[in-house]
Each structure stands twice: as C-alpha cells, then as structure tokens.
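Here is what each chain is made of, one letter per residue.
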Amino acid sequence: MRSLIDIKDLSVKELDELCKTACDIIKHPKKYENKCKGKKLAALFFEPSTRTRLSFTAAMMELGGNVIGFSGASSSSSAKGESVADTCKVVSNFADIIAIRHPKDGAALSAALVSNIPIINAGDGMHAHPTQTLADLLTIYREMGRFNNLTIGMCGDLKYGRTVHSLTHAMSRYKNIKLVLISPKELRMPNYVINDIIKKNHMPYKEVTSLEDNIKDLDILYMTRIQRERFFDPKQYERLKNSYVLTVDKLKKAKKNLRILHPLPRVNEISVKVDDDPRAAYFRQTLNGKYIRMALILKLLDIAKKNPKREPLFDQKKVRYDLKCTNVRCISSVNVEHEHKFVPTSKKGEYKCVYCEQAIKK
Amino acid sequence: MRSLIDIKDLSVKELDELCKTACDIIKHPKKYENKCKGKKLAALFFEPSTRTRLSFTAAMMELGGNVIGFSGASSSSSAKGESVADTCKVVSNFADIIAIRHPKDGAALSAALVSNIPIINAGDGMHAHPTQTLADLLTIYREMGRFNNLTIGMCGDLKYGRTVHSLTHAMSRYKNIKLVLISPKELRMPNYVINDIIKKNHMPYKEVTSLEDNIKDLDILYMTRIQRERFFDPKQYERLKNSYVLTVDKLKKAKKNLRILHPLPRVNEISVKVDDDPRAAYFRQTLNGKYIRMALILKLLDIAKKNPKREPLFDQKKVRYDLKCTNVRCISSVNVEHEHKFVPTSKKGEYKCVYCEQAIKK
Amino acid sequence: MRSLIDIKDLSVKELDELCKTACDIIKHPKKYENKCKGKKLAALFFEPSTRTRLSFTAAMMELGGNVIGFSGASSSSSAKGESVADTCKVVSNFADIIAIRHPKDGAALSAALVSNIPIINAGDGMHAHPTQTLADLLTIYREMGRFNNLTIGMCGDLKYGRTVHSLTHAMSRYKNIKLVLISPKELRMPNYVINDIIKKNHMPYKEVTSLEDNIKDLDILYMTRIQRERFFDPKQYERLKNSYVLTVDKLKKAKKNLRILHPLPRVNEISVKVDDDPRAAYFRQTLNGKYIRMALILKLLDIAKKNPKREPLFDQKKVRYDLKCTNVRCISSVNVEHEHKFVPTSKKGEYKCVYCEQAIKK
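Residues numbered from 1 in each chain as written. Chains lettered and ligands numbered in written order. Predicted model: local features only at pLDDT ≥ 70, side-chain atom pairs only at ≥ 80, totals over all residues.

Participant: Break down the sheet that holds strand E11 (residues 350-353) of chain A for me, citing the residues and quoting the values.
Facilitator: All names here are of chain A. Taken in spatial order, the 3 strands line up as E10-E11-E12 in an open sheet, and their pairing is antiparallel. Across the chains shown, the open sheet's two edge strands, defined by having one partner strand only, are strand E10 (342-344) and strand E12 (359-361). Across the sheet, the mean angle separating the axes of adjacent strands is 35° when strand polarity is ignored. In terms of strand pairing, E11 meets E12 through 3 bridges, oriented antiparallel. Note on E12: the bridge partner recorded for Lys-352 is Ala-359. (Pairing = 2+ DSSP bridges. Helix = DSSP H or I, 4+ residues; strand = E, 2+ residues; numbered from the N terminus. Axes fitted to C-alpha atoms, helices over the stretch in contact; angles between N-to-C directions.)

Participant: Give a detailed account of the relation of the copies chain B and chain C, specifying residues and quantitative values.
Facilitator: At an RMSD of 0.0 Å, chain B and chain C line up after a rotation of 120° and a shift of 0.0 Å along the axis. A rotation of that kind, with that shift, is consistent with a three-fold axis. (Least-squares fit on C-alpha atoms with pLDDT ≥ 70 in both.)

Participant: Mind laying out the interface of chain C and chain A, listing which residues take part and the relevant values?
Facilitator: Between chain C and chain A, the residue contacts involve 22 residues of the former and 23 residues of the latter. Those elements that provide at least two residues to the side of chain C that touches chain A are helix H3 (50-62) and helix H12 (282-306) of chain C. Classifying every residue of the side of chain C that touches chain A by side-chain character gives 10 nonpolar, 8 polar and 4 charged. (Contact = placed C-beta atoms within 7 Å. Nonpolar A, V, L, I, M, F, W, Y, C, P; charged D, E, K, R; others polar.)

Participant: Requested: an account of the interface of chain B and chain C, with residues and values cited.
Facilitator: Counting from both sides, the interface comprises 22 residues of chain B and, opposite them, 23 residues of chain C. Elements represented by at least two residues in the side of chain B that touches chain C include exactly helix H3 (50-62) and helix H12 (282-306) of chain B. Here the side of chain B that touches chain C gets 7 residues from one element, more than from any other, and that element is H3 of chain B. Tallied by class, residues from the side of chain B that touches chain C come to 10 nonpolar, 8 polar and 4 charged.

Participant: Give me the domain arrangement of chain A: which residues, what numbers.
Facilitator: All names here are of chain A. Here chain A is partitioned into domain 1 (7-129 + 290-306), domain 2 (131-286) and domain 3 (315-362). Taken residue by residue, the interface counts 11 residues in domain 1 and 11 residues in domain 3. Looking at the side of domain 1 that touches domain 3 element by element, the count peaks at 3 residues for helix H5 (residues 107-112). (Domains from an automatic or database assignment.)

Participant: Run through the sheet that holds strand E4 (residues 119-124) of chain A, naming residues and quoting values.
Facilitator: All names here are of chain A. What the 4 strands build is an open sheet, ordered E2-E1-E3-E4; its pairing is parallel. Looking at strand neighbours, the two that pair on one side only are strand E2 (66-70) and E4, the edges of this open sheet. Taken over all neighbouring pairs, the strand axes of this sheet differ in orientation by 15° on average, direction set aside. By the bridge criterion, 4 bridges tie strand E3 (residues 97-102) to E4 in an arrangement that is parallel. Note that in E4 the partner of Ile-100 across the bridge is Asn-121.

Take a look at the structure:
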C-alpha cells in the first residue's frame, strides 16, 4: 500500500503513467465508469476548499464510487480533541481511500503512518499539495504536447506560493526547462528553491520584476495571486499590484501558443476579459485536475490491492527521536504524545522533520 | 442549453408539461430511476436552506444521479474572494447541472451567463425562487385538479414574501383567478405587484386585514410567516400576530375543499393541530417540490443535450452598459470587474438591471 | 413501522438477531450490497459528530443505498425556527429512514411521533445513544464470543458518561455479569443507575477508585474520558487524571484475554502505545458500529415495509397532559406548542416525561 504525500514521492515514470491513464480516461470514459463500484473515498477536509473537494468527489463518482466525509473542522471530531491520526484510523473502517486536507504541515503524513488505507494529501498547511501539481502537469502535457523544452514564467507571489515551488520541483526533472521568475522583490522565489532545486539541476533562470517586458518569451505563464497582507508597506502594494495583473493588453505581446495557468481561485489577477482567449487554460486546468485525480485514485487502490502492507514513508532505521521540531505550523506541535522524528538530509549534519520537512543543523 | 432563473422564463405550455412529467414520475417511478445514471447535480448553496437542498438532492438521486456541492459560504472558495461566476464555471467541469442558492439578487443569472451547463436558480436573495413556485403550482394542480377558476387567499407578510409575488405572477396567466390579499396594512402587497401583475391582467382582487372574516370564500389559502422584525411598532406586532395564525377554530368556517399551502419552514403561523386536517396540504407540497424538481432536471438536461449552446437570457442587442445598478443586494455590486447591464422594460424610458431586475428611469 | 429511540426498545432476542445479522454481513458482504438500492437514509445531524455520521453513511452505502442530510444546525432550517418534528416530517418525503442527532433530550422521540418513516436516535443530548451501545455489544459478542459470564470494568467519568449507563442497562439482561466501577468519587456511577439497574437486577458490583489495582480481574475494560470541566477543584483533577489513563505499564497486570473498549474519540486517556496491543479493541469497535448499523437499518426498513403504520412509542391511554417537564435540556422546553406528556413509571406516584424520561413525583 502506498500513499501520496508529496509530488516527490512519484518518479518521472510514474508521472508519465498517470498522465497517460488520465488521457485514456478522457478518451474512453465508459471504460472507467464502474472501476470503483462499491468503493468509497473519504474526503476529510479539516479546512474548506471547494475546488479540491469537489474535484476529488467528482473524480470518485465518475469512477462509479461513493464519497463520504466532511468539509470543515467544526463538523468533525477534531473539535473534541481527537488527533488526525485517530480520525483517519477510524475512517479506515468506513472507506477504501482517504483524501485529507488539513491546516497543519505534515498532517497527511501523520495519517499515512497509521492508516490501513491509502492517504492522498489534498493540501497540508504550507507544506504540500501534490494533486494541484499533478493537475498543472497534465495541463502542460495536454496543452503543449510535451514536458521538455519549455520556457515557463511564474508570476506573482513566488515567496509563499506553495504551488510554484512544487511545480518548479516537478519540472526540474525534465529537459531544457527555462524559468522566468516574475515577482516584486518582496515576494521573490525563496533561496532554498533557487539553490536546492533550480541551481542544483542546472536549470537556466532569470529573476525579473516586469510581467509586461517578459511575457513575449514564455511558453507557459503560471499566474498566482499577490495578497495585500504580504506587504509591509501598503503604498508599495498599491504601486505594484497592477503590474502583476494579466490583462488583454499585456497579452498582446505574448506568443500565439502561450498557455496561461492559474491554480485558482483567482480574485483579480487575471482580467475576466482574458477568459475567452484560447490561450487561457486555467478553467481547463480544473478539468484536468479531475481526470488526474481519477488516475491517481485508480493507481493507489491498485497498489493497495496487490500489497495491503504499508510501504515505509521514510527510512525507519535512520530516524532520530532526540530532536524537536520548532515549526509552530507542524502537526508534531499539536498532540502531547506526538513523537518528533527527524531523518538526515543530503547535506552533512542536517536533519529534517519527517512531517513538515523543516531542516535543522545538528 | 437553457437555465431557469425566474418562473417567468417558463411558458404556460412548459409549466403544463412539467406538471405532467411530475405526475408521470409519481405514477411510474421505476421508469425514471435510471434517467440520470452517471450524471451529477451540483448543489451550490452559498447560504443554508435544508428543505430546498435536500429536495434537489433527493430529486437527483431518485433519477439515479449523484450530487456534489456545499451547504454554506464558509465551506466554499467564495470565502477566498472568488466570484460566483468563476465558481460555477469551475463546477461546470465537475457536474452536468447546477442548482444555486445565493444571498445576492441576480447571482443565478451571473452564473448562467458563463456556465457551460444549465443553472437552476434555487433562490437568489430577495429576487426569485422559481422552484418553490413550481412546487406551489404542482400542489394546486394535484389538489384541485385545475389551474383556472380559483379564489386564492394569500395571508401574512405580502410585502416581503417573495413566494406570494411569484405565485401571483404565475397564476395571472390562468383564467378566472380571484385574489384575496390578507395582511396587516404594514405588510400589504407592494404596488408594483398590484399594478404590473394583478391590475394589468385584470385579476379581480380585494385587500383585507382579517383572515377569519375571509376564509370562507377561499379555494386556496397560501399562508406565510409574519416576522416581528418587519414592524416599526412592537405593540402593533403583538396586537396583530394572532389574527394571522391559522387555528383549528378559524378553519371551521372554511370550505370543505379548501387547501392550505405554506412554503415552510413554519414557526407558529399554522397551529400543529391543523396538520392532521386533510385540507392541510403543506407537507404534501414539499413532496410535490421533489417531483417537480425531478421533472425540471430532466427537462433542462434534455434541452442541453439537444443544443449545448447557451440560449440568450436577454436581448444582447438592447443592453446598455452606461447605467449603474444601485441595489446594494444586487450581485453587480460585489465584483470590481462586474459589468452593469440594463435592458429596456415595457415602460417608456425605463430600464431594468438584468441581474436583480430593479428598474430605473432614464 | 418502528423507530429506535433507546436501547431498552430492543428485546434480548432482537439484540441477538441484530448481532447475528451483523456477523452474516461481515461474512457475506456481497449478499447485502444491493439490499437498499434505491433507498435513502437521511442523516440529520443538528450537532456535529463525525464518527457516528460517517458510520451511518458508510453503512447505508455498503447496503447500496444513498445518503442525504446535514452535519450542523447552521446548515439546517432549524436556524429559521423550525421544529425538529416539522423537519423530520418534511424529510419523510425525501428519504426512507432517518438517523437523527440533536442536542436536546427527547428530540428523536418528538420526531418519531410524527414521522412517516423510521427514526434512529443517533444521540439526543444527554438522554440516549443506542447505536453506540449496539456497537459496544457487537464488539463484546465478537471479541469474547459470549454475553454471559463477564467481569466488566467501567473506568473514568461514570457520572456523565451516557454510554456506560446504557451499556450497564444492556448487560443487566444477561447472566452472571460482574461490574467493577472505577472512577474518582466525584464522578461515580449515579444512584439511579446503581439502584434501578444494578441492584434491581442483582448484578454483583464494586465501586473502586484505582484502575491499576483492579485491572487484573477484568474481561472487558470500558474506558471513558475524564473532562477537566467536571471537577470543582482543579488541583483534584491534576492529582487524579493520570490514574485513569491506560498505559502499556498498567496493562501488564491485565488478563491475556482482556478486551479494551472506548466509545471514541479519545483524547489522552489511552496511550497511543496501547493501540498495537491485540487487546485494544476500540478501533475494531468502530468497524462493528458500521456493521450493526447496517443490520439495524435493514431490520427497521423491513418492519416498515411489512407494517407502514407507526407502532405506539408509549401507552397513549396512560398519558397525563397536566404535568410540566422542568428539564431545561428537554425538547419539550423548546417549542411553544409542544405538548408536555407524562406516563407512570413502575414506582408508585412517579411519572416520567415521555421525551427525556426525567421522573417527577405527583
């Protein structure tokens, strides 16, 4: 049995297979309409997220399965102090696979360590949201016909935008990917992404502040929202905000074959007038999200059927129990009895929390 | 493809057809139990409404279909600032038909303008709630066996009661309908309903304040709730409230064949002791609500199948973009980028907002 | 037609049958997967309870049925002042059976008096939660192979713990059941349970304060949570709390064949390190909860099919309408029009409210 906690858990080969399955589902939906008959997905959403929850729900239903769950912590036993792990262990008795969304980093992993059924991470705090990245990848694959040889612009809040970090990681495994990182200085891509992913994989990149000046070079433009709260200086926000809004006007300079992606929901960072442009791929992206989740559910249920035993999520032999995670958003900070666990990273003397992956030197 | 935003969108012939389909479903439920197999209804309830949501849900399930959705704004992406139109456009990718409930007038229309699947308005603010009116009509049809030649009493809050306005409009298209409008002066039927619907269609009517004195004449008694908040003077409320409560005693003066309707939920405006009287039709009315929704879902899915293109919801050529809607409850007041759109009414120099239908002179 | 309001409503023979059906479902799930095809369960949860709601939902789905409902009062019409009885009467038109959870004592009974479909009490305030007791019983049956000849320890908050009261009642009907009541003095088993159930049925029992000293005698250990709020003196709580936490250490003194039960959710009263011990039966208990609910749904739908008329829930002829229930948590305190109804108990001159069962002398 395997779970999906992070996009890194999937090999390039596995990503290809998932995309291929998704394309086959799109072509031959009838073939799949009873694949999950009699099976149940538990959608455990400890914080609201319409899009992701409805996408998983629709995915399971189109496979002929049923869905149970909740869509907010107040409707759940966690209000009574139950741990995420306990909730998932109980739900293991009611369903065949779990999609979990939780505000704490590492919540999905803490569930996967005790669950008797596969766990899909549907977003754990600031940590990871692998099925969004899967939707991004399938969209690139279907819109461009390839994963290699692409110039990808990432625009907006690159500092806090979890989705652009994951996408950067995922694309780092393909060939000839050029990155154009477009953001205000306050919100530039964090150093650990630049050093540990971009530079390490020798990806050509440039950091720029103008969307307008750089849009002409792009094959993919991945838009994200800039939140006012991210700025220390509100005047700075007012001065900058419009330069990161995609308008029909700015789009005039772009390639004919550009594709615009956005994880949605959008607020105003893409003008609604852009929606009718064939290059706007963000609504198709949500459709792709449904299909790739169908492929993922099928894959994980298939693995669980062949081998019901939990595959290890990290190397048990290398775990250190003497270090404490200091990340206040980490699930390990919540329960009294929660064991802190650290494993070595590739850097000498560095360890990371198995839940939230925050690293410390020792 | 067609949506249902307002009861006026349906012709008398279409209303008859819907009632006939509903009656056929009641007689031959087996015939319909797989009609929507593999289809999904999205019940997008931006504000709570158990009755309406469960009615739509049960309707879709009895057609063999599935239901996805949410039951409150806090569980939805709108909390993150997403527009109703965007939410519905995304959900178009997950479902085959949408039932939407929203606190803003015109929300359903704003969704229908961009959605790729049919939209059913399940209540948009103070504007319209056409499936309630459909339930009312089917109840009249099944209980009385006819739509013509009826004396209909409407009792309670006729000023703010959206359902009585819609029902008045719907009945104005039948023959020999007499109206008895029973309410305190503070809550009498608005002038625009009296002038634009009742008088315009030459419907005989009278406005009275006593339920007790007028109940004997009625074929239909449509009860609504009087809310304390509607009164400027609390003493006035205390003095009046009991006269608009239907009791076993008041019912003694009524016809044997009277039928009592109520959109529910009731608080205390009909004594629970009335429930066992065969003339009490309000619980059967909720059952009819389910059946007419089944008929409606079938009809709209059928139209969408035959013609996937959106039929225009108003005359695009006559739209003026230079007027601004001043209704604070209108959906056009919410989003920055929302285009204000006005179309001419039948009155010279008058235009109405396409969303909330509030008219202005120009 | 019959409803299940209290575990006392079921005879020992009926309990045995339910357990047998549950075991047959476990053995032959395929045989049952379409038993409720085309049927709907309404899960009406006026207060949140993940475990119970998901258990009912999974149960109905594994019988091939559908589920509608809500999971909090704010999503329901009760926010608009509708009575529980009205809500259930309306929902009778949308579903085939109702599982209701409500914060008021007697809410389930008030629904069962007017509903046209069977009602299952899924917890009504402090009053009753019979399907939890059914899950407890099936767990004892499957883990121990018998209901007779057992020494049962009940540990923790025996004063407010609704589940231990119901289990005591249920076990009082079997042979040679010894009870060990383990609690701090502040939270000992109430006198009415000791007098009216334990002593009346001549069950051997002892009241003790130490879990550690008494664990060795037990066949069943039923753990419950001690809430800080229950103590007048916080120091007392601090002093006591650890002695009622089940640890690996305390477990060393227990029988090899002990079984540990807990209604869940747990907070910290059982160490997570105990989870891997084969004697820990509390997660299996939630699985049993699903199976016994499947059996119960089948039984009640079957009775309703054979006889659609409501069976009386108490002796109508003996009802007194002149007494008023003073229990502020009772459903009879909520609605203005609610009739107070009392029936005689077995004690002379004593009457109990039919809703909350609180007794008064007259």
